[in-house]
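# Structural description and commentary
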There are 4 protein chains.
Amino acid sequence: MFQVRTDLALEARELYHEEKQQEIPGVAVDQEKINDVTITRVEIMNEEAQQIMGKAIGKYITLECKALRRSDANLKDEVSQILAKELKEVVGNNTNIRALVVGLGNWNVTPDALGPKVASKVFVTRHLFQFYKKDRDEGLGQISAISPGVMGTTGVETGEIVQGIVEKIKPDIVVAIDALASRKMERVNTTIQISSTGINPGSGVGNKRKALNKETLGVPVIAIGVPTVVDAATLTSDTIHLVMEAFSKQAQKGSQFYNMLRELKEEEKYSLIREVLEPYNANVMVTPKDVDKIVLDLSHIIANAINIALHPGIDLKDVNRYIH
Amino acid sequence: MFQVRTDLALEARELYHEEKQQEIPGVAVDQEKINDVTITRVEIMNEEAQQIMGKAIGKYITLECKALRRSDANLKDEVSQILAKELKEVVGNNTNIRALVVGLGNWNVTPDALGPKVASKVFVTRHLFQFYKKDRDEGLGQISAISPGVMGTTGVETGEIVQGIVEKIKPDIVVAIDALASRKMERVNTTIQISSTGINPGSGVGNKRKALNKETLGVPVIAIGVPTVVDAATLTSDTIHLVMEAFSKQAQKGSQFYNMLRELKEEEKYSLIREVLEPYNANVMVTPKDVDKIVLDLSHIIANAINIALHPGIDLKDVNRYIH
Amino acid sequence: MFQVRTDLALEARELYHEEKQQEIPGVAVDQEKINDVTITRVEIMNEEAQQIMGKAIGKYITLECKALRRSDANLKDEVSQILAKELKEVVGNNTNIRALVVGLGNWNVTPDALGPKVASKVFVTRHLFQFYKKDRDEGLGQISAISPGVMGTTGVETGEIVQGIVEKIKPDIVVAIDALASRKMERVNTTIQISSTGINPGSGVGNKRKALNKETLGVPVIAIGVPTVVDAATLTSDTIHLVMEAFSKQAQKGSQFYNMLRELKEEEKYSLIREVLEPYNANVMVTPKDVDKIVLDLSHIIANAINIALHPGIDLKDVNRYIH
Amino acid sequence: MFQVRTDLALEARELYHEEKQQEIPGVAVDQEKINDVTITRVEIMNEEAQQIMGKAIGKYITLECKALRRSDANLKDEVSQILAKELKEVVGNNTNIRALVVGLGNWNVTPDALGPKVASKVFVTRHLFQFYKKDRDEGLGQISAISPGVMGTTGVETGEIVQGIVEKIKPDIVVAIDALASRKMERVNTTIQISSTGINPGSGVGNKRKALNKETLGVPVIAIGVPTVVDAATLTSDTIHLVMEAFSKQAQKGSQFYNMLRELKEEEKYSLIREVLEPYNANVMVTPKDVDKIVLDLSHIIANAINIALHPGIDLKDVNRYIH
């Protein structure tokens, strides 16, 4: 049985596609291109697709934009707007919505600090509704935001903290932002994924996270994730493939060597990867050197998109003002 | 009916004492002096005392040490140890205790950052117990620590966050650290109060806090507080008293002026204070200029004391190592 | 000889005016009102005026806007624009200017963190000019920014650090941002002063600063200051005045009391103030409780104004994007 | 001509040794083992050795201790003491020394934040000497500390800032702390190198640093470096070697394949590495996931060692108290 392991639905589908040369049954894929941004909407529709993809039934929307690595203010605004539009689609009717924004991750580790940075920039309003004893407002959603990992080594799991707070304040939805790991370096910091299914175990840079989804929290959880690191295993695996390809070109068809390369089994590859990474304790990550700047830029884009999507009265024209 | 308003039980008792020249009925007071440190233990024993003092029935232990304003490493160690001893007394049997340390306050406002600073320095162990699936350890308590205000303007009240987490992780006790307001500048940053009754509304630098006590959290709450600011009203009131005293000395007994000064009523004084402070919006605080250094020093002292009091295996000799 | 002590030229002039009921000779004053903002331009033109004002010969422009305490995004934009215009006037021809922005103050003390916050938000470009080996750019000035106090207790004086860097990078001008002390609480966080004369000893929240001016740095220094605290001595002095006024109203003309109040000499007032503040060690400040939010808002306004004033290609329309 | 490229003298020597099976002429090597810590002292004594090693003439002392990855307070103390002893050796007579500690690196990028973290923990005293107008003290050195990179994107090069300050305050020595890149993951965060030759171009995580040495600063510069990352090129190169080794074992001696593997030239290997890393923009780093905790631990060890080495009156017994 084929099964893939990646935080991005896009990659899961790609891996299957490469291997089997066909679409996964029960998975609908739709693609759109707006200027430099490619939007891929993957919907996992049944149990079988869920198992193959290793991802829960639901919608996964991915924005890809290579140019995001450059610091282009106009492009950032454009991506914010596209992201906001897709986010609204997933959130559904956003009038008078009460949302809890959860910035996952540890802000002491740069590539993992995306969530807290977004949470700190979201335009928080819940306390205003409470102070003025209002129940609804035409222009504003009722937004709160927390970053449990900001509290450092607390001895309390993120999942426990979020559950506790959700039970107290009973929001309509949770929007969780997380840094992800990608299989391809070219996706790092150029890809934003929205999913309707929340955060599920094993995702993220810190990999022991508890699930944050409708099952564990009792309300729908929309996850926004950006790959900010690549696993060292991925880099190693890519290296092995390239070495073998390079050899293949030089080997005579039918020679012992040629056959050997063709026959190198997946298990043997994995054992090679393990051997390479053993001194690394399997606990390393690969990340761009200017990751701090990139994470800061991305946090602006995502916070702006959330502000537009959840506050009906805020649009792109003035959104930069609501960034905290 | 006489009623006082201060965060320190010590001051409440003093105010009554000055006015009435007698001890408050139902209040036991005990004092001890160890080198430079004066320990005052006030116990409020019944309803009547509770109402006069404006403080809940329970124990209030105050350490006073003028020298704390100087940065003396030996003195800090000594105060840590005395504080630890008093804390142990209030906590009671500390074998295998499961405690949640809550650092109250906003770490973006220096005099209010004491709580978060202490929480970040406490030796947190709960996650280790969970990881090793241990239930008890001879040398270590099971400690977790959070700083809800570190999350910034979250739109969620501190009280709601703490309640949510306490319900999830069910600690035996909560230890809450808070910056207080004092009536006297000389107490600012020289006084540490432990109380067995938790945090009650109106305390602290940010003054709209929800109660954190046994009633609201379901477990005993021990509060550790340090006055780091003085209300501007206090400074103004002190000024008025001094001005009047100065005049009194110069006025002839029996003159119109002398009588006027004597007869100036409390209400008139308050109306004067209001008038002076009106342009200040009644929303100002008075604080030492080197408040950041002092708050940092105090956070070490308190974190060390908590580490000694809650982890039976840690003593003063090695406690500085466990500071994070 | 009359002499005043305040960081604001506006207040120095006011104090003289109140006392002498006339304008200071050698001081030109000009006032303009744009919506909610009052602009006062004070020019100290000769030695005599310099001595009376206790401020160096030069221009002092003050923006006053009570509404700044509210968090109004449109108002902030408007004030940025007005500030930018006045700043341009003082800077003079800003084509291809090479400016070093210096954020004075200690960012661990909230009311003193204004300078570092502004410096961190300015759009820095000097490294780009160096990287692309460019000498000039139509749209961009050549800006660098440092915050010496961010480096904490370094054992090196701010003035030494700035001098060292100015000698190395030889900018055309230095723009220094500093938190000031005001005589009136109502000016705290509602007033912005630009001066063409730099920072002079005794200014600022931390009061032992070295001069940063043309004399010490060799290039013109433009200072931008905002009062974020009031000295406790000011509050006390205001209180004494009010108490005496209140008494005066009740005293019969010609009575001993009335005469006493009239005759209370300045020295006696100062000795009263000293007496009141003695337990405070003369080392306290009075500051609004929400000082962190206000300082953050002001840092945006000032950084935006600097970005507009020094980068010819940036205007209000897109300035919020260049905020870091 | 053989030439190696690594920040660690230890590795440079190892690489040569592996290749040539002999010691480098003009390089003296001495090794000592104290419990878990291996101390290697490499001295580069002449021009030839300098060229082969790719490192300046001078002393390089390396402490290696695998156990440093664990968080063992006793071990940390032991390493501090050993490091202090070696540091004293390099500094020479430390009575009344005036030292400027420079924490290199950007504290927004975790593996690069070692320098700023150490600088913030060093016991700074220069301002005390100036305040008390003292010239010497039996127990204390005259220490100042700066972290130029903490000021963020300033537009001013670190080297310019340090030169400027050194010219102003004229210290006897500079002690520069920097995060390095290693060729082997197993050295990351387990190795501390002291060198008498300062920081030279190309070192460090951010790789465009200006030299900080006696030539550029005019005073001796002692560098303390810890590898906190591995270049992705190193990981890739290790992978290729391992893949080839694995193949070699399976290939028949004399076969086409066997010969091909043996003959694979260095250039071909490099071209393979380039190909693998191309999508990574050659601008990635490999780092442990818990890098924040490790960097914090190391900053304590190094700051303690500096405090012991430069302040004659501080020894291990009380050093943890002087940590800021």
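- For chain A, an unreviewed UniProt entry supplies the name Germination protease and the organism Alkaliphilus pronyensis.
- The record in UniProt for chain A states the following under Catalytic activity (unreviewed entry): "Endopeptidase action with P4 Glu or Asp, P1 preferably Glu > Asp, P1' hydrophobic and P2' Ala."
- Check the Subunit (unreviewed entry) section of the UniProt entry for chain A; it says "Homotetramer."

## Here's the deal with the packing of helix H4 (residues 114–121) of chain A against helix H11 (residues 291–310) of chain A
All names here are of chain A.
- Look at H4 against H11: their axes get within 8 Å of each other, and the N-to-C directions meet at 45°. When the axis of H4 is compared with that of H11, the two are oblique. Read as a crossing pair, H4 and H11 show a hand that is right-handed. Here H4 contributes Leu114, Lys117, Val118 and Lys121 to the contact with H11, which in turn contributes Val295, Leu296, Leu298, Ser299, His300, Ile302, Ala303, Ile306 and Asn307.
- Looking at side-chain class alone, the contact of H4 with H11 contains 8 nonpolar, 3 polar and 2 charged residues.

## Re helix H3 (residues 73–91) of chain C
- Compared with the 27 Å implied by 1.5 Å per residue over 19 residues, the 26 Å span of H3 of chain C between its first and last C-alpha is a close match.
- At the exit of H3 of chain C stands glycine 92 of chain C, carrying a positive phi of roughly 80°.

## Quick word on the pairing of strand S7 (residues 191–195) of chain A
Residues and elements named next belong to chain A.
- Burial within S7 is extensive, with 5 of its 5 residues counted as buried.
- Going residue by residue along S7, you find Thr191, Gln193 and Ser195 tucked away on one face and Ile192 and Ile194 tucked away on the opposite face as well.
- Bridge analysis of strand S3 (residues 58–64) against S7 gives 5 bridges, and the strand direction is antiparallel. Across the sheet, residue leucine 63 finds its bridge partner in S7, namely isoleucine 192.
- In terms of strand pairing, S7 meets strand S8 (residues 221–231) through 3 bridges, oriented antiparallel. Considered in S8, the bridge of serine 195 is made with alanine 223.

What counts as what
- Residues numbered from 1 in each chain as written.
- Chains lettered and ligands numbered in written order.
- Predicted model: local features only at pLDDT ≥ 70, side-chain atom pairs only at ≥ 80, totals over all residues.
- Heavy atoms only, no water.
- UniProt positions renumbered as here; feature names shortened; annotations may be inferred.
- Axes fitted to C-alpha atoms, helices over the stretch in contact; angles between N-to-C directions.
- Helix = DSSP H or I, 4+ residues; strand = E, 2+ residues; numbered from the N terminus.
- Parallel < 35°, antiparallel > 145°, perpendicular 65-115°, else oblique.
- Left-handed = near helix turned anticlockwise from the far one by under 90°.
- Contact = heavy atoms within 4.5 Å.
- Nonpolar A, V, L, I, M, F, W, Y, C, P; charged D, E, K, R; others polar.
- Expected span 1.5 Å × (residues − 1).
- Buried < 20%, exposed > 50% of the residue type's maximum accessible area, 1.4 Å probe, protein only.
- Pairing = 2+ DSSP bridges.

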